[in-house]
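Given next are the chains, with one letter for each unit.
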Amino acid sequence: MILEQITEQLTETLETRVLTLFGHALDRVVLQSPPRLAMGDLATPLCLELAKVLKRKPREIAETLAKDLKLPMFVQKVSVEGAGYLNFRFDRGAFTVAHMQSVMSPPAHAGERVIVEHTNINPNKAAHIGHLRNAVLGDTLVRCLEWLGEHVETQNYIDDTGVQVADVVVAFEHLLKEGPADVQKRIEDPTVRFDYFCWDLYSRMANYYIDHPEAEAWRRDTLHRIETREGDTSKLAELISRAIVRRHSTTMLRLGIEYDLLPKESDIIALHFWDRAFELLKKSGAVIHEREGKHKGCWVMKLEGTADFEGMDEPDKILVRSNGTVTYTGKDIAYQLWKFGLLDRTFNYRKFMSYPDGRILWETTAADGSPEAPKFGSAQRVFNVIDVRQAYLQRVVREGLRLLDHQREADNSIHFSYEMVALTPATAEALGLEVSETDRKRPFLEMSGRRGVGVKIDDLIDAMQSKATEAVREGSKREGLSDAEIEQLGREIAIGAIRYFMLKFGRNKVIAFDFNEALTFEGDSGPYLQYSTVRVENIFRKMQERGVDAKLDDASLNALTLNEGLSDEMWELVRRSADLPAAVQRAVESLELSVITHELFELSQKFNSFYHKYPIMNEKDDAERQRRAVCAEVFRRTMRSALDLLAIPVPERM
RNA sequence: GUCCCCGUAGCUCAGUUGGACUAGAGCAACAGCCUUCUAAGCUGUGGGUCGCAGGUUCGAAUCCUGCCGGGGACGCCA
């Protein structure tokens, strides 16, 4: 907040000054932290860029600019350094006191209606760690957007009429010879995890198809019955998909992930979204009926010649097959149009479940809806969180909007793409999967629900939790904790570790999942941030217990000038804390959420060094103790807010 | 075949809208630090032709071209 003001004012001052002195209009002023804070608190390489244009030496330009430069509040002096950098030094004390009041305050922003669609797991089996990356990225994006002031709606799309659900239905009906009543019993049986049961059943079915290709007739028949909502088969599909979605919701809730709406494919079909979208596409000429050639009898979207699809052999995309059925991409275009409020029809809504915090999860329905349902859809910006393998399809959807002359909405259709989560051969083997000689030499092995290859999210959380609980139990200074408290701490640490692990890698990096690496609580990990926070909390708790005054009230802060006494290490905590709001903004703009975890990790490292070097409670000198306490307090507030933003819990003790 | 992503220390990764320095962390290895706010921590040591070769530039891990290695996408699947 304070930093933003300084940056803004400096930018303006420099722009006008360069214009008056050199008659040159700058299109940007880069202001960043210098590599080391000993050099200054904010720096610009402006003069190096200007040197080119003005054909003068950078240092000379810098000297001219720096002379009599009007400095914003909190900025004490400007100097010319290195090859011609302008470096600004802050009044550390004044800045610190001002910053402490406004730690992690978001920039002003007019709230936009934004939809984030994430998770989207086929409701036919347990969720695995590939889905986990999607959900954690999506959920964190939602939190960041909300922090920035947007009005965010979180959607978890349910493909309840697809092949994957159909295959499990086929397995129940034909392999197990079970109907809705039997399946209902399984769902209600507390001794089985229904999603785990379906995980095995689904891969069993996939194997059955391989040995009995004729069984594919069952699938076609089942898909048809589901789509036309016929008899026990369709009842079974609904039963299964609802039970699995409930399981997924429970799993995600363990990590603090909630949704606003479950849009269901069955409702998109029942409400004829596609028919309407199809009319629009036909009218605009975006799709045409092929009478010749390879795609004879299909309705295709002509993409040849459009910028995004240049150089492709067969860029055209079939939306309606020659047998008259619509492809997934077609339905996706209709759904995307609805998200922007561009389809002149909508869903009805009913309550799916209530979260413990009171939030309601709604689902779409084609039947009568609830009058209490909020308004969904009609967003100005849409983020679809889907892994990079869907990039082509996402481009087709976006192009669909463009061809319908919705340029702005096409630009605001954002594919948040990220790389997949795979398994290291060692982890695959540890899971009891067969790993061939050639596979053993590969860097990673892809997961596959179909083949039953994967690490289930609940198993990961369970493993993490028992390891964390163990660690808490072993700790020497944790006596006096009840079993329930220890369990609680274990849970919080596990969540912190998992969420952090899913965020810390750049989104374009394949995560080759390794159990040992994921289970670590040391170094660059969630628990490191939690531990640092617990430590700083302890300082203030202990001081209060022993009646040591930190002197952080307004009067005490104003009475003492901090400027001289703040060492570089102390000041660095404050200065880096001030960088965080910009980091969150940068993270959202680049969809690179790892910048936030990275900043927090470095900040925590600085704090831990500070912690060892500068004891607070036992410092006898009041002024010195106050200086240290102020910096610790800034760190404490920063971590509280930032961890809250990332939904990483702060345990009471560790 | 066309397109996209990745290649930085033994391993996992930061750093890539060009810039300050000796290219940074974590893990692993080695050496220290717990009567002092919690050692899930801190301090130190060793460890790198930034895949290769050219080019642009005052300046390149970062931009351009080509190549090599790994992964992915391009379906009348979802």
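Residues numbered from 1 in each chain as written. Chains lettered and ligands numbered in written order. Predicted model: local features only at pLDDT ≥ 70, side-chain atom pairs only at ≥ 80, totals over all residues. Heavy atoms only, no water.

**Q** Just checking my understanding: could you explain the pairing of strand 2 (residues 75–81) for this structure?
**A** Every regular strand shows the same layout, with side chains that alternate between the two sheet faces. Note: strand 2 against strand 3 (residues 85–90), six bridges, orientation antiparallel. Paired with Glu81 across the strands is Tyr85, a residue of strand 3. (Pairing = 2+ DSSP bridges. Helix = DSSP H or I, 4+ residues; strand = E, 2+ residues; numbered from the N terminus.)

**Q** Would you take a moment to explain the confidence of the model for chain A for this structure?
**A** A residue-level look at chain A finds 98% of positions with pLDDT of 70 or above and a mean pLDDT of 92. Predicted complex, confidence summary: ipTM 0.96, pTM 0.96. (pLDDT = per-residue confidence, 0-100.)

**Q** I would appreciate a short explanation of the sheet that holds strand 1 (residues 42–44) in the present structure.
**A** Either a parallel or an antiparallel arrangement is found when strands of a sheet pair, and the pairing is made through backbone hydrogen bonds. Ordered by their spatial adjacency, three strands build an open sheet running 1-3-2, and the pairing between neighbours is antiparallel. Edge positions in the open sheet fall to strand 1 and strand 2, since each of these has one partner strand only. Neighbour-to-neighbour, the strand axes of this sheet turn through a mean angle of 20°, independent of strand direction. Packed on one face of the sheet, helix 3 (residues 58–66) meets strand 2 and strand 3 and runs near 160° to strand 2. (Axes fitted to C-alpha atoms, helices over the stretch in contact; angles between N-to-C directions. Contact = heavy atoms within 4.5 Å.)

**Q** I would appreciate a short explanation of helix 4 (residues 92–101) in the present structure.
**A** Along an α-helix, a turn takes 3.6 residues, which lines up residues three or four apart on a common side. Summarising burial for helix 4: eight of the 10 residues are buried, a large majority. Taken as a whole, helix 4 has its buried residues at Arg92, Gly93, Phe95, Thr96, Val97, Ala98, His99 and Met100. (Buried < 20%, exposed > 50% of the residue type's maximum accessible area, 1.4 Å probe, protein only.)

**Q** Where do I start with the side chain of Arg17 in this structure?
**A** Checked against the element boundaries, Arg17 lands in helix 1 (residues 2–22). Although Arg17 lies buried, it forms no salt bridge, and the closest oppositely charged side chain, Asp68, sits 5.7 Å away as judged by the N-O distance. Those residues in contact with Arg17 that sit more than four places away from it in its chain are Phe22, Thr64, Leu65, Lys67, Asp68 and Leu69. (Lys, Arg positive; Asp, Glu negative; His and termini not counted. Salt bridge = Lys/Arg side-chain N within 4 Å of Asp/Glu carboxyl O.)

**Q** Just checking my understanding: could you explain the protein's contact with RNA strand B for this structure?
**A** Near RNA strand B, the surroundings consist of 68 residues, among which Tyr85, Arg321, Asn538, Tyr611 and Met654 are the closest. Close to the protein, within 4 Å, the atoms of RNA strand B are drawn from sugar and phosphate at a rate of 64%. A distance of 3.2 Å is found between a base nitrogen of RNA strand B and a backbone nitrogen or oxygen belonging to Lys294. For the surface near RNA strand B, the elements supplying multiple residues, two or more each, are helix 2 (46–54), strand 3, helix 14 (391–403), helix 21 (526–545) and helix 24 (594–613). Residues of the surface near RNA strand B, tallied by class, amount to 31 nonpolar, 16 polar and 21 charged. (Near = heavy atom within 4 Å. Polar contact = N/O pair within 3.5 Å; in protein donor to acceptor, adjacent residues only side chain to side chain. Nonpolar A, V, L, I, M, F, W, Y, C, P; charged D, E, K, R; others polar.)

**Q** How should I be thinking about the packing of helix 6 (residues 163–175) against helix 8 (residues 194–211) in this particular structure?
**A** Between two packed helices, what matters for the description is the angle formed by their axes and the separation of those axes. Close contact between helix 6 and helix 8 brings their axes to 9 Å; oriented N to C, the two are set at 85°. In terms of orientation, helix 6 lies roughly perpendicular with respect to helix 8. Every residue of helix 8 that contacts helix 6 at Gln164, Asp167, Val168, Val170, Ala171, Phe172 and Leu175 is listed here: Phe194, Phe197, Cys198, Leu201, Tyr202, Arg204, Met205, Tyr208 and Tyr209. Partitioned by chemical class, the residues of the contact of helix 6 with helix 8 number 13 nonpolar, one polar and two charged. (Parallel < 35°, antiparallel > 145°, perpendicular 65-115°, else oblique.)

**Q** Which parts of the structure should I look at to understand the pattern of salt bridges?
**A** A side chain of one charge can pair with a side chain of the opposite charge if their charged atoms are brought near each other. Scanning the model with the defined rule gives 62 salt bridges in all. A salt bridge links Arg636 to Glu537, with the shortest nitrogen-to-oxygen separation between them at 3.3 Å. Taken together, the residues span a long stretch of sequence, with Arg636 in helix 25 (residues 622–645) and Glu537 in helix 21 at a distance of 99 residues. The structure contains a network of salt bridges with shared partners spanning Arg193, Asp195, Arg247, Arg254, Asp458, Asp459 and Asp462.

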